[in-house]
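Coordinate inspection notes
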Amino acid sequence: QKEVEQNSGPLSVPEGAIASLNCTYSDRVSQSFFWYRQYSGKSPELIMSIYSNGDKEDGRFTAQLNKASQYVSLLIRDSQPSDSATYLCAVMNNAGNMLTFGGGTRLMVKP
Amino acid sequence: EAGVTQFPSHSVIEKGQTVTLRCDPISGHDNLYWYRRVMGKEIKFLLHFVKESKQDESGMPNNRFLAERTGGTYSTLKVQPAELEDSGVYFCASSRELNEKLFFGSGTQLSVL
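What counts as what
- Residues numbered from 1 in each chain as written.
- Chains lettered and ligands numbered in written order.
- Predicted model: local features only at pLDDT ≥ 70, side-chain atom pairs only at ≥ 80, totals over all residues.
- Heavy atoms only, no water.
- Salt bridge = Lys/Arg side-chain N within 4 Å of Asp/Glu carboxyl O.
- Helix = DSSP H or I, 4+ residues; strand = E, 2+ residues; numbered from the N terminus.
- Buried < 20%, exposed > 50% of the residue type's maximum accessible area, 1.4 Å probe, protein only.
- Disulfide = S-S within 2.5 Å.
- Core = buried A, V, L, I, M, F, W, Y, C linked by side-chain atoms within 4.5 Å.
- Contact = heavy atoms within 4.5 Å.
- Pairing = 2+ DSSP bridges.
- Axes fitted to C-alpha atoms, helices over the stretch in contact; angles between N-to-C directions.
- 1 Å grid on protein atoms, 1.4 Å probe; cavity = no way out; pocket = protein on both sides within 12 Å on 5 of 7 lines; lining within 4 Å.
- Points joined across faces, edges and corners; volume = space filled by probe spheres on them.
- Nonpolar A, V, L, I, M, F, W, Y, C, P; charged D, E, K, R; others polar.

**Observations regarding the pattern of salt bridges**
All names here are of chain A. Scanning all chains against the criterion turns up eight salt bridges over all chains. Note that E57 is salt-bridged to R77, the shortest N-O span being 3.5 Å. With E57 in strand 6 (residues 54-58) and R77 in the loop between strand 8 (71-76) and strand 9 (85-92), this residue pair connects regions lying 20 residues apart in the sequence. Residue classification places E57 among the exposed residues on the basis of a relative accessible area of 60%. The class of R77 is partly exposed, set by a relative accessible area of 25%.

Rendered as structure tokens:
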């Protein structure tokens, strides 16, 4: 079993819809979780971090964390074609120095 | 504020040759990390510097890889001799503190032929 798992996609949604990206992780003691967006050939860019159970909202993005289920998700409201990218889920180790990444989900937002 | 810069952006070498990748972190960031993504796999941690000290080398694949950060500023990652399986994208990242947002560079695409 991979440490951080994501559906590779592609996930295709129409413009204006909600995109829902999911991630599960295996280390039950993990405390810090991150979502990165990566455009093709570019660097991963942090868009959300979440540390506590529940929802965290930032603009059109909402991260959701459920530690009991070892599940993290990212919702993108009012999806735009410019949101088309690969979204990487990452979990920080307890030392705070190492991210474990999932394989990423490719999101395609169609006009 | 300048971001994390990496050089070169692309490198094509033959098996057995040596390649050195360079990373300039964001000014003031004591923590510097190397990650890599090989074809079809996840981005994987290689190592972590705090200033000039290696804090964690647990991700380094073997002794053909040598990372340095003399003076605690820029870092280099040397692969000697390069093997076919070393091909991939090598990312550098930096952060001011531990457990904080990591800023990534755009990576070096290494192709070993």
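Structure's up, so let's keep going.
**Considering the state of the cysteines**
One pass over the structure, following the stated rule, counts two disulfides over all chains. Covalent S-S linkage joins C23 of chain A and C89 of chain A, the inter-sulfur distance amounting to 2.1 Å. A torsion of -70° about the S-S bond marks the disulfide between C23 of chain A and C89 of chain A as left-handed. On the criterion of sequence distance, the pair formed by C23 of chain A in strand 3 (residues 19-25) and C89 of chain A in strand 9 is long-range, its members being 66 residues apart. Like C23 of chain A, the residue C89 of chain A is buried in the burial classification. With a sulfur-sulfur separation of 1.8 Å, C23 of chain B is cross-linked through a disulfide to C92 of chain B. On the S-S bond that ties C23 of chain B to C92 of chain B, the torsion sits near -65°, and the link is left-handed. Taken together, the residues span a long stretch of sequence, with C23 of chain B in strand 3 (residues 19-24) and C92 of chain B in strand 9 (residues 88-95) at a distance of 69 residues.

**A word on the nonpolar core**
Core analysis: the biggest nonpolar cluster contains 23 residues, and W35, V72, L74, I76 and Y87 of chain A have the highest contact counts within it. Among the nonpolar cores identified, the runner-up in size contains 21 residues, and I13, I26, L46 and L77 of chain B belong to it.

**Here's the deal with the environment of F61 of chain A**
All names here are of chain A. Mapped onto the elements of the fold, F61 is located in strand 7 (residues 61-66). Separated by 42 residues in the primary sequence, F61 and A19 have C-alpha atoms spaced 9.7 Å apart. Contacts of F61, omitting those with residues within four sequence positions, involve R37, I47, M48, K56, L74, L75, I76 and R77.

**Considering the sheet that holds strand 1 (residues 5-7) of chain B**
Residue and element names in this part refer to chain B. On the basis of which strands lie adjacent, the open sheet formed by four strands has the order 1-3-8-7 and antiparallel pairing. The open sheet has two free edges, formed respectively by strand 1 and strand 7 (65-68), since each of these has just one partner strand. Strand-to-strand twist of the sheet, defined as the mean angle between neighbouring strand axes without regard to direction, takes the value 15°. In this structure, strand 3 lies alongside strand 8 (residues 75-79), joined through five bridges in antiparallel fashion. Counted as the bridge partner of V19 is V79 from strand 8.

**Focus on the layout of surface pockets**
Rolling a probe over the atoms, with the probe sized like a water molecule, indicates the empty space that remains. Reported here for the largest pocket is a volume of approximately 600 Å³. Lining the largest pocket are 25 residues, with Q38 and G41 of chain A together with R37, V89 and Q109 of chain B positioned closest to its centre. Those elements that place two or more of their residues in the lining of the largest pocket are strand 9 and strand 11 (105-110) of chain A together with strand 9 and strand 11 (108-112) of chain B. Residue classes in the lining of the largest pocket are distributed as eight nonpolar, 13 polar and four charged. Quantified by volume, the second largest pocket comes out at close to 150 Å³. K2, E3, V4, M98, L99, T100 and F101 of chain A together with E42, I43, K44 and F45 of chain B are the residues that line the second largest pocket. Within the residue set of the lining of the second largest pocket, elements represented by two or more residues are strand 10 (99-101) of chain A together with strand 5 (43-50) of chain B.

**Things to note about unusual backbone geometry**
The omega torsion across G9 of chain A and P10 of chain A is 10°, close enough to zero to call that bond cis. Structurally, the position occupied by P10 of chain A is in the loop between strand 1 (4-5) and strand 2 (11-14). At K51 of chain B, a residue that is not glycine, the phi angle is positive and equals roughly 50°. When you line up the elements, K51 of chain B lands in the loop between strand 5 and strand 6 (53-56). When its relative accessible area of 44% is taken as the criterion, K51 of chain B is described as partly exposed. Even without being glycine, N99 of chain B reaches a positive phi, approximately 60°.

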